[in-house]
There are 2 protein chains.
Amino acid sequence: MRILLIEDDPALGEAVRDHLAGLAHAVDWQTRLAEAEVALRAVPYDLVLLDLGLPDGDGLAFLKRLRARGDATPVLVLTARDRVSERIAGLEAGADDYLVKPFDLGELAARVAAVARRYAGDPNPLLEIGPLLIDRARRIVIRDGVPVPLSAREWALLEALALRPGAIVAKERLEELLYPMGEEIASNAIEVAVSRLRKKLSAHIIETVRGLGYRLARR
Amino acid sequence: MRILLIEDDPALGEAVRDHLAGLAHAVDWQTRLAEAEVALRAVPYDLVLLDLGLPDGDGLAFLKRLRARGDATPVLVLTARDRVSERIAGLEAGADDYLVKPFDLGELAARVAAVARRYAGDPNPLLEIGPLLIDRARRIVIRDGVPVPLSAREWALLEALALRPGAIVAKERLEELLYPMGEEIASNAIEVAVSRLRKKLSAHIIETVRGLGYRLARR
DNA sequence: CGCCGGCTGACACGGAGCTGACGGCGGTGG
DNA sequence: CCACCGCCGTCAGCTCCGTGTCAGCCGGCG
């Protein structure tokens, strides 16, 4: 990803730049808002890392200007400020995420990756399967217009089946997906989970393929 | 503009009210701080004209309280005092501007117009969620028409959830948002905060997503 | 008719979440 | 300087939800 880092602290800036560069990101580093603004207009960055409290201006105002002119580039705010309202103000001003200093470089990388993932594909893939509307981001499934609350296990199961609608998913495969190794299950937990899920969704949505596994009806 | 005038001198109050009303402003006139405070919580004023030295309390303290609870409504202070330090104190307490009595009504109108201009392009976004009306600028939440006073923590929590209504906010994320990092909390403070907030708002507004976090119902 | 794979109601347990009570702390008023 | 009050973190005890287990059932097939 092409990343614009706006940070006036030399040590921190260098550390961040080097760390992200090591992760195969292209990092441009600016220390002043004015220059950052110019760069931002010239280059289509995938992500902006914005330090609040730069000496030459108000970072929040900068962010608001950015959004006001319709720039939707993801912005990750770095801030040393610890006042509650200011952190939230950052998000309100249009930041996508934030990190409170001092932060772990690993955590920074994780957030960067998360932003990258979020903006990689379609922003919010809604799956439509028969009478179901599956919103993976909000973790919500809607049946015939009515939101259906699902428990963690039920959601995991539905997601596993919805990965490839119409494809048969073996029961052991489901076990692997729902029970991350270690704690194996000694009974028909999967069948019970399917039963419970069927009760919440329309029963015919989940098809049983005897001896093989389960399948999500595609229509 | 909707203006709250807080002034105990009948002659002056009437003159100011009539003059501003003649300029197509909607003026509410209160003579006591206590009543003004009530009005301020109930109505989204665009401007407050505050006379210092009212008989029933300290105007500066009133202003400080206003700001302390995050209310950002512009305040124009009217004062007979002409000592520089006191004017500074007014600005420090959070006043946007001041006028020293006696003042010219034309000058008052000019200052009011200036405030109007400054805040023109920024309409106050009211967030409506079920029976709630959330006014972020004034840090006020109104339930069924009745203003509900929230403490700092409660407000921060509500704000964090209201950032993206309907989205799940993880409990750890709430911790990050509400507590200056480093000092982690060693208990169920978040749950307690949610509980307290629920007691003030309608309980069903805040939804629990087991194992994940909380979410603000969108309807 | 017996077996097998799958279904589901009932149950029990663990743990997540809720809340009343308490106390410390800071601010306010006398 | 003291008394009071509101805020809020902590704790303890409780409730309730989610989920694995099990048993009994059904239907299909040889």
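Structure: see above.
Residues numbered from 1 in each chain as written. Chains lettered and ligands numbered in written order. Predicted model: local features only at pLDDT ≥ 70, side-chain atom pairs only at ≥ 80, totals over all residues. Heavy atoms only, no water.

## Focus on the overall build of chain A
Looking only at helices and strands, chain A features eight helices and 12 strands. Buried residues in chain A amount to 41% of all 219 residues. Taking the contacts inside chain A whose residues are at least 6 apart along the sequence as the reference set, 55% of them involve residues at least 24 apart. In the structure as shown, chain A presents an accessible area of about 11,400 Å², 52% of it carried by carbon and sulfur atoms. (Helix = DSSP H or I, 4+ residues; strand = E, 2+ residues; numbered from the N terminus. Buried < 20%, exposed > 50% of the residue type's maximum accessible area, 1.4 Å probe, protein only. Contact = heavy atoms within 4.5 Å. Areas by Shrake-Rupley, 256 points an atom, 1.4 Å probe, with all protein chains shown as cover.)

## Regarding the packing of aromatic side chains
On inspection of all chains with the given rule, the structure shows zero aromatic pairs over all chains. Against the face of Tyr-98 of chain A rests Arg-111 of chain A, its NZ or CZ located 5.9 Å from the ring centre. (Phe/Tyr/Trp six-rings, centres within 6.5 Å; stacked < 30°, edge-to-face > 60°. Lys NZ or Arg CZ within 6 Å of the ring centre and 35° of its normal.)

## Examining the interface of chain B and chain A
Between chain B and chain A, the contact holds 21 residues from the first and 17 residues from the second. Across the chain B to chain A interface the summed buried area is about 1,600 Å²; carbon plus sulfur atoms make up 53%. Taken together, chain B and chain A are joined by two salt bridges. Linking Glu-176 of chain B and Arg-111 of chain A is a salt bridge whose minimum nitrogen-to-oxygen distance equals 3.2 Å. Linking chain B to chain A there are four residue pairs in polar contact (both at pLDDT 80 or more). (Buried area = accessible area lost by both parts, 1.4 Å probe. Salt bridge = Lys/Arg side-chain N within 4 Å of Asp/Glu carboxyl O. Polar contact = N/O pair within 3.5 Å; in protein donor to acceptor, adjacent residues only side chain to side chain.)

## A few points about the pairing of strand 11 (residues 206–209) of chain B
All names here are of chain B. Bridge count between strand 11 and strand 12 (residues 213–216): four bridges; the pairing is antiparallel. Each bridged residue has a counterpart across the sheet, and for Thr-208 the counterpart in strand 12 is Tyr-214. Here strand 11 hands over to strand 12 after three residues, with Gly-211 in that stretch at a positive phi of 75 degrees. (Pairing = 2+ DSSP bridges.)

## Observations regarding helix 8 (residues 189–200) of chain B
Residue and element names in this part refer to chain B. Taking 1.5 Å of rise per residue, 12 residues should cover 16 Å, and helix 8 covers 17 Å from first to last C-alpha, within 8% of that figure. Along helix 8, the positions that sit buried rather than exposed are Ala-189, Ile-190, Ala-193, Val-194 and Leu-197. Axial view of helix 8: buried residues confined to an arc of 135 degrees, hence all on one face. Residues Arg-196 and Lys-199 are exposed on helix 8 and point more than 90 degrees away from its buried face. In this fold, the buried residues of helix 8 make contact with helix 6 (152–162), helix 7 (171–178), strand 11 and strand 12. (Expected span 1.5 Å × (residues − 1). Arc of directions from axis to C-beta.)

## Quick notes on the protein's contact with DNA strand C
Inspection of the region around DNA strand C gives 24 residues, with Thr-208 and Tyr-214 of chain A together with Arg-198, Thr-208 and Tyr-214 of chain B positioned closest. By atom count, sugar and phosphate contribute 61% of the portion of DNA strand C lying within 4 Å of the protein. Thr-208 of chain A places a side-chain nitrogen or oxygen 2.5 Å from a phosphate oxygen of DNA strand C. Looking at the surface near DNA strand C, the elements with two or more residues in it are helix 8 (189–200) of chain A together with helix 8 of chain B. A class-by-class count of the residues in the surface near DNA strand C yields four nonpolar, eight polar and 12 charged. (Near = heavy atom within 4 Å. Nonpolar A, V, L, I, M, F, W, Y, C, P; charged D, E, K, R; others polar.)

## Details of the sheet that holds strand 6 (residues 126–129) of chain B
All names here are of chain B. One open sheet holds the four strands; their spatial order is 6-7-8-9, and the pairing between them is antiparallel. One side of each edge strand has no neighbouring strand; the edge strands of this open sheet are strand 6 and strand 9 (146–148). Across the sheet, the mean angle from the axis of one strand to that of its neighbour is 25 degrees, orientation sign disregarded. Strands in contact with helix 2 (residues 33–42) are strand 8 (140–143) and strand 9; relative to strand 8, the strand with the most contacts, it is inclined by about 75 degrees. (Axes fitted to C-alpha atoms, helices over the stretch in contact; angles between N-to-C directions.)

## A look at the packing of helix 6 of chain B against helix 7 of chain B
All names here are of chain B. Where helix 6 meets helix 7, the axes come as close as 10 Å, and the angle between the chain directions of the two elements is 130 degrees. In terms of orientation, helix 6 and helix 7 fall into the oblique class. For the element pair helix 6 and helix 7, the recorded crossing hand is right-handed. Contact residues: Arg-153, Ala-156, Leu-157, Ala-160 and Leu-161 in helix 6; Leu-174, Leu-177 and Leu-178 in helix 7. Of the residues assigned to the contact of helix 6 with helix 7, the class counts are seven nonpolar, no polar and one charged. (Parallel < 35°, antiparallel > 145°, perpendicular 65-115°, else oblique. Left-handed = near helix turned anticlockwise from the far one by under 90°.)

## Examining the nonpolar core
Ranked by internal contacts, the top residues of the largest apolar core, which has 52 residues, are Ile-6 and Leu-50 of chain A. Element by element, the count of residues in this core is highest for helix 6 of chain B, at seven residues. Each residue touching Ile-6 of chain A, except ones within four places of it in the same chain, is listed here: Gln-30, Arg-32, Leu-33, Ala-36, Val-48, Leu-49, Leu-50, Asp-51, Leu-54 and Phe-62 of chain A. Counting 24 residues, the second largest nonpolar core, distinct from the first, contains Leu-132, Ile-134, Val-148 and Leu-197 of chain A. (Core = buried A, V, L, I, M, F, W, Y, C linked by side-chain atoms within 4.5 Å.)

Such coordinate-based values are descriptive only and should not be taken to indicate function.
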